[in-house]
Amino acid sequence: MATAHTASSQKRHSFHLGVTGGIGSGKSTFAALLARHGAAHVDADALSRATTAAGGSAIAAIRAQFGDDFIDAGGALDRERMRALVFAEPLARNRLQAIIHPLVGEAIARATAQAEHSGKRLIALDLPLLTESSHWPARLDAVLVVDCQESTQIERVRVRSGLQPQAVEAIMAAQSSRAVRCMAADWVVYNDGLSLQQLEALAAQVATSLGA
Ligand SMILES: CC(C)(COP(=O)(O)OP(=O)(O)OC[C@H]1O[C@@H](n2cnc3c(N)ncnc32)[C@H](O)[C@@H]1O)[C@@H](O)C(=O)NCCC(=O)NCCS
Ligand SMILES: Nc1ncnc2c1ncn2[C@@H]1O[C@H](COP(=O)(O)OP(=O)(O)OP(=O)(O)O)[C@@H](O)[C@H]1O
């Protein structure tokens, strides 16, 4: 993996690091900490949420395919309703992803190009579904997985979003297993029992070693 990555990174001036992890693992926190230490942070979840905000580029197609009930009074995606549907019904999830993923892919490409243009040497692409997709490996110089125990994932999401354990488990069931994710990793950050300060120290080391 390292050889192929080195070859692709030589064609450009920035290093493209895929940062991934299961729900609640801390991948967005880690990518944000990399940004604090000089990296650009391209956040797929944030770009996805922009497509489903009021007036977002995915709203018309979602309304057409799923119906008015999935769009709230303000014109945004009803996230709770859609979450309940797509993590219970894989076909519905595929239909939603077929709408959103191409739009997010374009937005990621634009944000990455912009970061390159502004001279960023390290770009952290925060990609929740990196190992679930064949799209990413050829486009990344290396993959960093943020990993933790499933019980920690469930507890973090409960505290952050108020989701019940069963709801988090349904989302985890739609994602790669920890083992599959870690197999794809050049680096694994084990984010269990670490303080945010300790996590930041690791992010600083990674950012420095990748030339941010
Ligand atoms: C189902 C939706 C409405 C739920 O919204 P919600 O605000 O609860 O979650 P949010 O978008 O902030 O995502 C939080 C996390 O859920 C997990 N998740 C989201 N979508 C998916 C998916 N299609 N498959 C597996 N896990 C997912 C990821 O761990 C992600 O980091 C939303 O996640 C969505 O639109 N998903 C489809 C788009 C997608 O695949 N996004 C993720 C990658 S771009
Ligand atoms: N080492 C840590 N110490 C304390 N809190 C942490 C730590 N790592 C992550 N968290 C907290 O756990 C929650 C989940 O982290 P984060 O949002 O980064 O996860 P994520 O992997 O991006 O999840 P999602 O897939 O839902 O987007 C956040 O509230 C974050 O502040």
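Predicted model, so just to flag it, every value in this text is computed and none were measured. (Residues numbered from 1 in each chain as written. Chains lettered and ligands numbered in written order. Predicted model: local features only at pLDDT ≥ 70, side-chain atom pairs only at ≥ 80, totals over all residues.)

Trainee: Let's hear about the site of ligand 2: which residues, and what values?
Mentor: Near ligand 2 you find 17 residues, and of these Gly 26, Lys 27, Ser 28, Thr 29 and Arg 156 are the closest. Of all the elements in the fold, those that place two or more residues in the shell around ligand 2 are α2 (27-36), α7 (150-161) and α10 (196-209). If you tally residues by element for the shell around ligand 2, the top one is α2, at three residues. Its residues placed into classes, the shell around ligand 2 shows five nonpolar, eight polar and four charged. (Near = placed C-beta within 6 Å. Helix = DSSP H or I, 4+ residues; strand = E, 2+ residues; numbered from the N terminus. Nonpolar A, V, L, I, M, F, W, Y, C, P; charged D, E, K, R; others polar.)

Trainee: Give a detailed account of the site of ligand 1, specifying residues and quantitative values.
Mentor: What surrounds ligand 1 is a group of 21 residues, the closest being Ile 23, Ser 48, Met 82, Arg 83 and Pro 128. Taken together, the elements giving at least two residues each to the shell around ligand 1 come down to α3 (44-51), α5 (79-86) and α6 (90-117). It is α6 that contributes the most residues to the shell around ligand 1, five residues altogether. Here the residues of the shell around ligand 1 sort into twelve nonpolar, four polar and five charged.

Trainee: Tell me about the UniProt feature "binding site: ATP" (unreviewed entry) in the protein, and please be specific about residues and values.
Mentor: Per the UniProt record, "binding site: ATP" (unreviewed entry) is found at Gly 24, Ser 25, Gly 26, Lys 27, Ser 28 and Thr 29. Its place among the elements puts Gly 26 in the loop between β1 (15-20) and α2. The class for Gly 26 is buried, based on 23 C-beta atoms found within 10 Å. Once you skip the residues sitting within four places of it in the chain, Gly 26 turns out to touch Gly 21, Val 146, Cys 148, Asn 191 and Leu 199. Here Ser 28 is to be found in helix α2. (UniProt positions renumbered as here; feature names shortened; annotations may be inferred. Buried ≥ 20, exposed ≤ 12 C-beta atoms within 10 Å, placed from the backbone. Contact = placed C-beta atoms within 7 Å.)

Trainee: Go over the domain arrangement of the protein, please, and point to the residues and values.
Mentor: The domains assigned to the protein are domain 1 (1-39 + 121-164 + 176-212) and domain 2 (50-119). Inter-centroid distance (C-alpha atoms) of domain 1 to domain 2 is 23 Å. Between domain 1 and domain 2, the contact holds six residues from the first and five residues from the second. Classifying every residue of the side of domain 1 that touches domain 2 gives two nonpolar, three polar and one charged. (Domains from an automatic or database assignment.)

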